[in-house]
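# Notes for the structure review
This is what each chain is made of:
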Amino acid sequence: MPSCLFYARFAGVLLLMSLLLGCAASPRLNDSTLNNLPQEQLLKEVPFYAQRDYQCGPASLAMVLNAAGVNVEMENLILQVFIPGRKGSVQSEMLATVRRHGMIPFPVEGSLDALLTQLASGQPVVVLQNLALPAWPMWHYAVVIGYDLPTRALTLHSGEISNHEMSLSRFDATWARSERWGFTVLPPGSLPKGIRPFRAIEAISAFESVQGVQAALPSWKALVQAHPDSAMGHFALGNAHYALGEVKKSQQALERAVSLDESLGVAWLNLGLLEQQLDNEMEARQALGRAAALTGPWQAKAQEELNTLSHVN
């Protein structure tokens, strides 16, 4: 259970941890990061909210949501994510709260290179750190707002300190203990730079389950535009179009999905059912036949529909 560090109480422990972490080896960055990203970045527009006792979760959310254009007060977020009995905010509630405010939390791939890439693209990143030792965790949310490659340092809004500078090595040592967990916040229709298709699909699907298909549709469109070879992306887009009654667009997206991946049985099944609805018997039979020939949870349904077509004839 992540909980937030109360700085005044643990000053001595923090001093000890800073001495220990100061000995950590400097992490290696990819050549592409060093050569292609700006040498420094600072997102000055990200507001700062000082945390109260153990309330770094609501404070971090207020910072990134406000930076993304969502007008929400930190006090309101405390009621949504802070668990007094546990003195902290769980990760799942952090993400769920972002979705409830109409934004999509996208995971950051667990590396410093991915973190720096998001910052270079203008996106602040909420991170979870363990500022103590694995056996004695001291969990803390912060917002990374900048970096300086020549000095190998990051800038964070953290706890009661704005624009706090921390070396890459010290930060990575504390971040690694959360398995380098972090996320960015973007509106529907936008994707973070460099995100892999399956990560984007997970994030958009979770958003759709809260805000509905219409709200998620711009993100599905953005996904297939950014990753035109993603069969699952086109499959998801086809399902969204169908849910909104846009049958022709759904048909086109599903056809694209199976053309990219002929082993995608669930897409063959949905395409077959759609062709049935459009009274395209030959196309329906062909698609359902492909689904029935592929092992998976869709197989029985596809065979059932094929049998129905045969009985009708």
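Looking at an unreviewed UniProt entry, the protein chain carries the name PA2778 family cysteine peptidase, with the source organism given as Vreelandella zhuhanensis.

If you tally the helices and strands in the protein chain, you get 14 helices and seven strands. Within the span of the protein chain, comprising 313 residues, buried residues form 48% of the whole. Only carbon and sulfur atoms are counted for the fraction: they give 52% of the accessible area of the protein chain, which is about 14400 Å².

Positive phi values are uncommon outside glycine, yet N163 reaches one of about 50 degrees. If you check the backbone angles, D279 has positive phi at about 60 degrees while not being a glycine. Within the secondary structure layout, D279 lies in the loop between α12 (265-277) and α13 (281-292).

Where helix α10 (residues 231-243) contacts helix α11 (residues 247-260), the two axes come as close as 8 Å, and the packing angle between them is 160 degrees. Classified by the interaxial angle, the pair formed by α10 and α11 is roughly antiparallel. Helix-helix and strand crossings are classified by hand; for α10 and α11 the assignment is left-handed. Two secondary-structure elements touch here, α10 through A231, H234, F235, L237, G238, N239, H241 and Y242 and α11 through K249, S250, A253, L254, R256, A257 and L260. In the contact of α10 with α11, the residues fall into eight nonpolar, five polar and two charged.

What follows concerns the nonpolar core. Of all hydrophobic cores here, the largest spans 48 residues; its most connected members are L115, L154 and F171. Residues contacting L154, with those up to four places away along its chain left out, are L115, L116, L119, V144, G146, Y147, H164, E165, M166, L168 and F171. Listed in part, the 20 residues of the second largest apolar core include A257, L271, A287 and L309.

Right, let's get into the side chain of H157. Looking at the element boundaries, H157 is found in strand β5 (residues 153-158). Looking at H157, the relative accessible area reads 3%, which means it is buried. Looking at H157, its side chain comes within polar contact range of the main-chain nitrogen of N163, at 3.2 Å. The contacts of H157, once residues within four sequence positions are left out, are V46, P47, F48, M63, A142, V143, I145, S162 and N163.

On a regular strand, each side chain points to the face opposite its neighbour's, so the side chains alternate between the two faces of the sheet. Where burial is concerned, most of strand β7 (residues 182-186) is hidden: five out of the five residues are buried. Neither face of β7 is open: one carries G182, T184 and L186, the other F183 and V185, and all of them are buried. As paired elements, strand β3 (residues 125-130) and β7 share two bridges and run antiparallel to each other. Its bridge partner being in β7, V126 is matched across the sheet by F183.

Conventions we followed
- Each residue is numbered by its place in its chain's sequence as written, counting from 1.
- Local features in this predicted model are restricted to residues of pLDDT 70 or higher, and side-chain atom pairs are both shown and tallied only at a pLDDT of 80 or more, whereas totals for entire chains, interfaces and linings draw on every residue.
- The basis for every side-chain value is the complete set of heavy atoms in the structure, and neither hydrogens nor water enter the calculation.
- What counts as a helix is a DSSP run of H or I of at least four residues, what counts as a strand is a run of E of at least two, and both are numbered from the N terminus.
- Burial classes follow relative accessibility: with a 1.4 Å probe on protein chains only, a residue under 20% of its type's maximum area counts as buried, one over 50% as exposed, and anything between as partly exposed.
- Residue-level accessible areas treat just the shown protein chains as cover; the underlying method is Shrake-Rupley with a 1.4 Å probe.
- All axes here are fitted lines through C-alpha atoms, helices being fitted over the stretch that makes contact, and every angle between N-to-C directions spans 0 to 180 degrees.
- Roughly parallel here means an angle under 35 degrees, roughly antiparallel means over 145, roughly perpendicular means 65 to 115, and every remaining angle is called oblique.
- Each crossing is labelled by how the near helix is turned from the far one, with a counterclockwise turn of less than a right angle marking it left-handed and a clockwise turn marking it right-handed.
- Any two residues whose heavy atoms approach within 4.5 Å at even a single point are treated as in contact.
- In this classification, Asp, Glu, Lys and Arg are treated as charged, Ala, Val, Leu, Ile, Met, Phe, Trp, Tyr, Cys and Pro as nonpolar, and every other residue, Gly included, as polar.
- Only buried residues count toward a nonpolar core. Its members are Ala, Val, Leu, Ile, Met, Phe, Trp, Tyr and Cys residues joined through side-chain atoms within 4.5 Å.
- N or O atoms closer than or at 3.5 Å make up a polar contact, with two conditions inside protein: a donor-capable atom paired with an acceptor-capable one, and, for residues adjacent in sequence, both atoms drawn from side chains.
- When DSSP finds two or more bridges between two strands, those strands count as paired.

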